[in-house]
Amino acid sequence: GDHAVAWIEQRLQADRATAAKLGGTRLRWWQWLVLQRLLEYRADGSWCWPVGFVSVGRQLGKTELLCEMSSWRCGNADLFGAGPQMVGHTANTVTLSKHVHSTRWQWADEQGLPVARQLGDTRITWPDGSCWATMARENTYGRSLNMVMADEGWAWEAHDFWQAVYPTMAARPDGQAVIFSAASDMPKSLPASLLSSPDTVASMVWGAPPDADPAD
């Protein structure tokens, strides 16, 4: 986690547009905490958490964290010893994932990283071949990915993740999927499925239990 935090904050120093949006080059406290938990590993070097679920309120920086984790993974392929890293970024719509992806195009251009901007083939490619690409949920079948970043998890059915997205990492060492979501009063089935899998999923939810006293 410390390596990711240091790399991200250094990257933000070179990305004035994003730093201005965030109000500085330092991660927020909860983003720091999420990185520390998601990137825990065992003594043998394997991930503790192949899946992470991050649910926070809107406008708190979850999309920024998604982008920073994607860039960190692609920019540090040597940490994983498995060649170029392929990060698949998907959401409930392709248009949404492209919009989020586009917030890093200016920085990528300034760094000399090739950027493909076509809808359905939006990607940033690093010199070693590592790639952060957007894709539709239905187009993840048959892919082989090192990392999956799934946005708007409240709008996902459980089978869309477990049967289509999760298997894309089966042949990749150190594969990890992170589902980001805002709270919703009408969520589909994926959030409940993730919360009921504590041995596999690191769930970090910014909220209160149903029986909490609102006056406390």
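Notes on the structure in this doc start here.

Cut-off values and rules
Residues numbered from 1 in each chain as written. Predicted model: local features only at pLDDT ≥ 70, side-chain atom pairs only at ≥ 80, totals over all residues. Heavy atoms only, no water. Helix = DSSP H or I, 4+ residues; strand = E, 2+ residues; numbered from the N terminus. Buried < 20%, exposed > 50% of the residue type's maximum accessible area, 1.4 Å probe, protein only. Polar contact = N/O pair within 3.5 Å; in protein donor to acceptor, adjacent residues only side chain to side chain. Contact = heavy atoms within 4.5 Å. Core = buried A, V, L, I, M, F, W, Y, C linked by side-chain atoms within 4.5 Å. Axes fitted to C-alpha atoms, helices over the stretch in contact; angles between N-to-C directions. Parallel < 35°, antiparallel > 145°, perpendicular 65-115°, else oblique. Nonpolar A, V, L, I, M, F, W, Y, C, P; charged D, E, K, R; others polar. Expected span 1.5 Å × (residues − 1). Salt bridge = Lys/Arg side-chain N within 4 Å of Asp/Glu carboxyl O. Phe/Tyr/Trp six-rings, centres within 6.5 Å; stacked < 30°, edge-to-face > 60°. Lys NZ or Arg CZ within 6 Å of the ring centre and 35° of its normal. Pairing = 2+ DSSP bridges. Right-handed = clockwise from strand over helix to strand, strands pointing away.

Summarising the element assignment, His89 is placed in strand E2 (residues 86–90). Taking relative accessible area as the criterion, His89 reaches 0% and is therefore assigned buried. Of the polar contacts made by the side chain of His89, one reaches the side chain of Trp132; its length is 3.3 Å. Look past the residues within four positions of His89 in its chain and what remains in contact with it is Leu66, Ser97, Val100, His101, Trp132, Ala133, Thr134, Met135 and Met149.

Glancing now at the nonpolar core. Membership of the largest hydrophobic core comes to 39 residues, with the highest contact counts inside it found for Leu35, Val54 and Met69. No other element matches helix H4 (residues 62–75), which puts six residues into this core. Leaving out residues up to four positions away in the same chain, Leu35 has contacts with Gly1, Ala4, Val5, Ile8, Leu27, Leu65 and Met69. Core analysis: the next-biggest nonpolar cluster, separate from the first, contains 17 residues, Val148, Met169, Ile179 and Leu194 among them.

Moving on, we come to the packing of helix H1 (residues 2–13) against helix H3 (residues 29–38). Following both chains from N to C, one finds H1 and H3 inclined at 140 degrees, their axes separated by 8 Å at the closest point. Regarding the angle of H1 to H3, the classification is oblique. On the side of H1, the interface is formed by Asp2, Ala4, Val5 and Ile8, while H3 contributes Trp32, Leu35 and Gln36. A breakdown of the residues in the contact of H1 with H3 according to their chemical character gives five nonpolar, one polar and one charged.

Attention shifts here to H1. Compared with the 16 Å implied by 1.5 Å per residue over 12 residues, the 17 Å span of H1 between its first and last C-alpha is a close match. Turning to H1, its buried residues number three or more, namely Ala4, Val5, Trp7, Ile8, Glu9, Arg11 and Leu12. Looking at the buried positions of H1, the neighbouring elements they touch are helix H2 (16–22), H3, H4 and helix H6 (105–110).

A word on the pattern of salt bridges. Counted according to the given criterion, the structure contains nine salt bridges. Taking the shortest distance from any N to any O, the salt bridge between Glu9 and Arg26 comes out at 3.2 Å. One end of the pair, Glu9, is in helix H1; the other, Arg26, is in the loop between H2 and H3, with 17 residues separating them in the sequence. Where Asp15 meets Arg11, a salt bridge forms, and the shortest distance between an N and an O atom there is 3.0 Å. On the basis of relative accessible area, Asp15 is assigned to the buried category, the value being 5%.

Moving on to the packing of aromatic side chains. Enumeration according to the criterion identifies eight aromatic pairs in this entry. Through a chain of ring-to-ring contacts, three or more aromatic side chains come together here, namely Trp29, Trp30 and Trp206. It is Arg73 that lies over the ring of Phe80; its NZ or CZ is 3.9 Å from the centre.

In this fold, Ser144 is placed in the loop between strand E5 (131–134) and strand E6 (147–150). Measuring from C-alpha to C-alpha, the distance between Ser144 and Gln111 comes to 27 Å, with 33 residues separating the pair along the chain. A distance of 2.9 Å separates the side chain of Ser144 from the side chain of Arg172, its partner in a polar contact.

What follows covers the pairing of E6. Residues Met147 and Met149 of E6 are buried on one face, and the alternating residues Val148 and Ala150, pointing to the opposite face, are buried as well. Relative to E6, E2 runs parallel, the two sharing four bridges. Within E6, the position partnered with His89 by the bridge is Met149. Relative to strand E7 (residues 176–181), E6 is paired through four bridges, and the arrangement is parallel. Within E7, the position partnered with Met147 by the bridge is Gln176. In terms of handedness, the path from E6 via helix H7 (residues 158–165) over to E7 forms a crossover that is right-handed.

Just distances and angles here, no functional claims.
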